[in-house]
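Next come the chains, spelled out residue by residue.
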Amino acid sequence: MRTSLPLSRFGLAILLLVIWVGPFFQGYFFPTPALAAMATTAGAFLLWAVGRRRQHLALDLPGDWTGALLLALTGWCLLSTLWAIYVRDNLTLVLQVVTGFAAFAVVRAENTTEVRRAIVWVLSLSALVVAVLGLLEYSGFFLEHVALGNVLQVEPRRNRVYTLFQYPNTAAIFFLSALLLQNARLLSSESWTEKIVLAGTSAVLAVACTLTLSRGAVLIAPVSVVLLCIGLSPHQILPSLLHWVTAAALPVALTLWPITRAAAVDAWPTVLLWAAVAALVAALGTGSLRALLQLPRRVQVIAACTLLAALTVVGTVAAPRVFNQLPSVFTRISHLDLRDITQDGRVEFLRDAARLAVRRPWGYGGGGWLRTYTQVQRYNYVARDPHSHYALTLVESGFLGLALLLGALVLAARGAFQARRGDPVRWSMGVAALTLALHAAVDIDLSYYALWLLLWTLIGASQAEGKPLPGKQERRLTFALAFTLATATILVSSTMFLAARSYNDASTAVLVGDNEAALTAGRRAIRLDPLNSQYRTMIPTSENINRALQLDPYNEELWRFVSEMLEAQGDVSGALTAAWQALELRPMSIEHYERVAELLVGIMTEAVLEGRITESVEIAQKIIALGETMERRGEPSLEKQPVLFPDYLALTWTPRMSLAAGQAYLVTGQFEAADRWLTAALANSQTAPDAALWLHALYTRTGSHEKLASLEPAPSEQARSSPLYAALIGVQ
């Protein structure tokens, strides 16, 4: 027994280690570390299962209805592989769900007071490092130390704290989850040393959380605090609120203004000094609570209410003055408006997700949103997911997959509430998990594998502690199935990880000019992960490209790549076909229209040069029809596009499209329209040379001498001596 016990707990320790390092290797933008984390999590589950077996204890899987529904979701996602539009990404989705189940099963089975305390400290220390790095980023440290920032994947942004997640809202919800656990531990710990250290850590996290300027966190934080209080016993509510004041609110209130002032002048040592002051304030405030909490209950209530009332009055009076002196970006949270929600692009994401779900209620499989939202969007935007994990699940796994996920979360919340008595930390785990789950309804948090794993770890720790079942009561084949599932997960995720490493090696070799090493690494990546379409573009042979298009036919970026590759090879017809396919997959992107128009103009010009007038007119009519289609599709979006998605081009006439239309109208003999569109293109420096040449030919053919004399800029003598100019003059 003594030799087998460490093995099962060793699996738990590995899982907690994965959670600790999770923020440092976020899998949303960088999938390679996520694959390593999946393999490690499955390995931890396997060690735990073997350890339980050696202890002659049942695995007790799936455990309860929460585990059963999560396991059913795994099965449904695996079944979705049969109709997934991109099998490779669906396999990644399966790995994500099954390792979430693994984390839940391990923590639920090993759930004890000591384990929950370990989770609090693991998350606290991880969040503390993330917070300090965020403060350094906010105060300009990584502008001085760019190489270190690149290693840590921290970009030197300045207006908000992005930190390792490279996304403020996710960082905020990560900090808030840790703060909830710390508050509960402050209640349950009997060591005032531990309380003071936790309070100092909470202060730093609270400062960093505030500097993320996350409106979602501002809205959900009060809800989370209320939920935490609901599950506490009556005599714990007041101390909990006091700890929120002394360990979070008061340190932020006293240090926020000097921190922003120091950060504005890149004084990162001063920012760290003020963060230490915040921790000191929290430590002193929490220490002072020791005397207060030893007073009679009635005196505690009177003193606490007096203190809270005084702080509320002072805060109400001082807050407007303080906010007026903070950077203007703080208006994000100081002036919240309903229009910030109703006029936010996320509403369009949700609408587009609903449209896709109606089209295919059983789901598109993993990666489905990324490859289909562009076909239904009413405005031009780019979104890796619909900023709602449940909308993403609806698109990828269909209505059944969403029902299974929501059912698991609801039952988990119910189980946590039923087990809330006794240990406030256990209930805080449930509240933190619920906070993650609620915020994931309006943001991308659970697309980060670290937070997905954290969610199910917290859920497992929030459930009631069960008595270990003897191995004799284990259902038949449970261990064999668990062993097989864990082994398969390790093999698949490890193989994908090695393939990703090989692809990265190939990319690096290309950059340094080592083509032989690039080919070797690229072939290895394809061999290890043959279902990955991206890897095949590294070695763009005809076989690889055709296979990539078979594997990933809805990838408009892949079609664009193929179009450019075929054009470079001289296959203009094939390039045009691929460009058309890319356009149909993303019909609200003006770039695809410009690309198709450019290829069509090239073919039309060649026909004009060779005297194939009938053919050139037919192609010109296609260009005109393309412009009309673009205008018809884009017109309904023009009013709201700048409001909802100002960073993306509206689907409307651009200089390149105006040039193509003018050239087409000239070839078809519609000179008035040609004059209008070519003149519009003349106003742009990039299209002006071509527009001037075609306008000169137009005015020469129509005898418009006044327009010829005033044409500016005029085409060069060399351009007017070109075969194209002569052909344009002679077109009848």
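Residues numbered from 1 in each chain as written. Predicted model: local features only at pLDDT ≥ 70, side-chain atom pairs only at ≥ 80, totals over all residues. Heavy atoms only, no water.

Moving on to the packing of helix α8 (residues 168-188) against helix α10 (residues 215-230). It is the contact of α8 with α10, at a shortest axis distance of 11 Å, that shows an interaxial angle of 20°. What the angle tells us is that α8 and α10 run roughly parallel. Note on packing geometry: the crossing formed by α8 with α10 is right-handed. Judged by residue contacts, Ala172, Ile173, Leu176, Leu180 and Asn183 of α8 engage Ala217, Ile220, Ala221, Ser224 and Leu228 from α10. In terms of residue class, the contact of α8 with α10 is built from eight nonpolar, two polar and no charged. (Axes fitted to C-alpha atoms, helices over the stretch in contact; angles between N-to-C directions. Helix = DSSP H or I, 4+ residues; strand = E, 2+ residues; numbered from the N terminus. Parallel < 35°, antiparallel > 145°, perpendicular 65-115°, else oblique. Left-handed = near helix turned anticlockwise from the far one by under 90°. Contact = heavy atoms within 4.5 Å. Nonpolar A, V, L, I, M, F, W, Y, C, P; charged D, E, K, R; others polar.)

Right, let's get into the nonpolar core. Considering soluble globular proteins, one finds that nonpolar side chains tend to be buried as a cluster. In this structure, Phe175 and Trp456 are the most contacted members of the largest nonpolar core, which totals 140 residues. Other than its neighbours up to four places away in sequence, tryptophan 456 contacts Thr66, Leu70, Gly100, Phe104, Leu405, Ala408 and Leu409. In terms of nonpolar packing, the next biggest core, distinct from the first, is built from 60 residues, Trp559, Leu583, Leu600 and Trp677 among them. (Core = buried A, V, L, I, M, F, W, Y, C linked by side-chain atoms within 4.5 Å. Buried < 20%, exposed > 50% of the residue type's maximum accessible area, 1.4 Å probe, protein only.)

Moving on, we come to the pattern of salt bridges. Across all of its chains, the model carries 26 salt bridges by this definition. In this structure, aspartate 352 and arginine 355 form a salt bridge, with 2.3 Å as the shortest nitrogen-oxygen distance. In this pair, aspartate 352 and arginine 355 are both assigned in helix α16 (residues 345-359), three residues apart and thus about one turn of the helix distant. For the salt bridge of glutamate 610 with arginine 612, the shortest nitrogen-to-oxygen distance reads 2.6 Å. Among the ionic contacts, a cluster of salt bridges with common partners joins Arg116, Asp423, Arg426 and Glu465. (Salt bridge = Lys/Arg side-chain N within 4 Å of Asp/Glu carboxyl O.)

Here we come to empty space enclosed by the protein. By the definition in use, this model includes four cavities of 30 Å³ or more. Lining the largest cavity are Ala42, Phe45, Val98, Thr99, Phe101, Ala102, Leu485, Ala486 and Thr489. Sorting the residues of the lining of the largest cavity by element identifies α2 (31-54), α4 (87-109) and α21 (478-512) as the ones contributing at least two each. Here the lining of the largest cavity takes four residues from α4, the largest share from any one element. (1 Å grid on protein atoms, 1.4 Å probe; cavity = no way out; pocket = protein on both sides within 12 Å on 5 of 7 lines; lining within 4 Å. Points joined across faces, edges and corners; volume = space filled by probe spheres on them.)

With that settled, the discussion passes to α21. End to end, α21 covers 51 Å across 35 residues, agreeing with the expected 51 Å (1.5 Å per residue, within 8%). Where α21 terminates, the next one or two residues include glycine 513, which has phi positive at roughly 85°. (Expected span 1.5 Å × (residues − 1).)

Here we take up unusual backbone geometry. Each neighbour pair has its own omega, and for leucine 61 with proline 62 the value is 0°, a cis peptide bond. One can find proline 62 in the loop between α2 and α3 (65-79). A cis amide bond, omega 5°, links glutamate 712 with the succeeding residue proline 713. By secondary structure assignment, the location of proline 713 is in the loop between α33 (705-710) and α34 (717-720). If you check the backbone angles, histidine 56 has positive phi at about 60° while not being a glycine. Of note, histidine 56 is situated in the loop between α2 and α3. The exposure class assigned to histidine 56 is exposed, which follows from its relative accessible area of 61%. The backbone of aspartate 60 shows a phi angle near 55°, a positive value even though the residue is not glycine. For aspartate 60, the position within the fold is in the loop between α2 and α3.

We now examine a nonpolar patch on the surface. On the surface, a nonpolar cluster with roughly 260 Å² of combined accessible area is contributed by Val226, Ile230 and Phe417. Relative to the helices and strands, valine 226 resides in helix α10. (Patch = residues over 30% accessible without salt bridge, like charges linked within 9 Å, V, L, I, M, F, W, Y side chains within 5 Å. Areas by Shrake-Rupley, 256 points an atom, 1.4 Å probe, with all protein chains shown as cover.)

The next thing to look at is the environment of serine 388. Structurally, serine 388 can be placed in the loop between α17 (368-372) and α18 (389-418). Along the primary structure serine 388 and serine 202 are separated by 186 residues, whereas in three dimensions their C-alpha atoms are 28 Å apart. When neighbours within four sequence positions are excluded, serine 388 is seen to be in contact with Leu350, Ala440, Ala441, Val442 and Asp443. At 2.8 Å, the side chain of serine 388 forms a polar contact with the backbone oxygen of alanine 441. (Polar contact = N/O pair within 3.5 Å; in protein donor to acceptor, adjacent residues only side chain to side chain.)

Before going further, it helps to spend a moment on the packing of aromatic side chains. The geometry of an aromatic ring pair is captured by the separation of the ring centres together with the interplanar angle, meaning the angle of the planes. Overall, the coordinates contain 20 aromatic pairs when judged by the stated rule. A centroid spacing of 4.8 Å and a plane angle of 85° characterise the contact between phenylalanine 141 and tryptophan 268, whose relative ring orientation is edge-to-face. Of the two residues, phenylalanine 141 is situated in helix α6 (residues 141-144) and tryptophan 268 in helix α12 (residues 268-292); the sequence distance between them amounts to 127 residues. Each residue in the set Phe349, Trp369, Tyr373, Tyr379, Tyr381 and Phe645 is aromatic and connected to the rest through ring pairs, giving one cluster. Sitting over the face of the ring of phenylalanine 479, arginine 53 holds its NZ or CZ atom 4.6 Å from the ring centroid. (Phe/Tyr/Trp six-rings, centres within 6.5 Å; stacked < 30°, edge-to-face > 60°. Lys NZ or Arg CZ within 6 Å of the ring centre and 35° of its normal.)

This part covers the packing of α3 against α4. Packing of α3 against α4 brings their axes to within 9 Å, and their N-to-C directions diverge by 165°. One finds that α3 runs roughly antiparallel with respect to α4. As for how α3 packs across α4, the hand of that crossing is left-handed. Every residue of α4 that contacts α3 at Thr66, Gly67, Leu70, Leu71, Leu73, Thr74, Cys77 and Leu78 is listed here: Asn90, Leu93, Val94, Val97, Val98, Gly100, Phe101 and Phe104. When its residues are assigned to classes, the contact of α3 with α4 shows eleven nonpolar, five polar and no charged.

For the protein chain, per-residue confidence averages 89 on the pLDDT scale, and 92% of positions sit at 70 or higher. For the protein chain, per-element mean pLDDT is lowest for helix α15 (residues 339-342), which scores 57, and highest for α18, which scores 96. (pLDDT = per-residue confidence, 0-100.)

This paragraph deals with α16. With 15 residues, α16 ought to run about 21 Å at 1.5 Å a step, and its terminal C-alpha atoms sit 22 Å apart, in line with that. For α16, the complete set of buried residues consists of Gly345, Glu348, Phe349, Asp352, Ala353, Leu356 and Ala357. Elements that come into contact with the buried residues of α16 comprise α17, α18 and α29 (641-644).

This part is about the side chain of glutamate 396. Structurally, glutamate 396 can be placed in helix α18. No salt bridge is formed by the buried glutamate 396, whose closest oppositely charged neighbour, arginine 371, lies at an N-O distance of 7.5 Å. Within the local environment of glutamate 396, its side chain forms a polar contact with the backbone nitrogen of glycine 367, the two atoms lying 3.0 Å apart. If we ignore the near neighbours within four places in the chain, the residues touching glutamate 396 are Leu93, Gly363, Tyr364, Gly365, Gly366, Gly367, Gly368 and Trp369. (Lys, Arg positive; Asp, Glu negative; His and termini not counted.)

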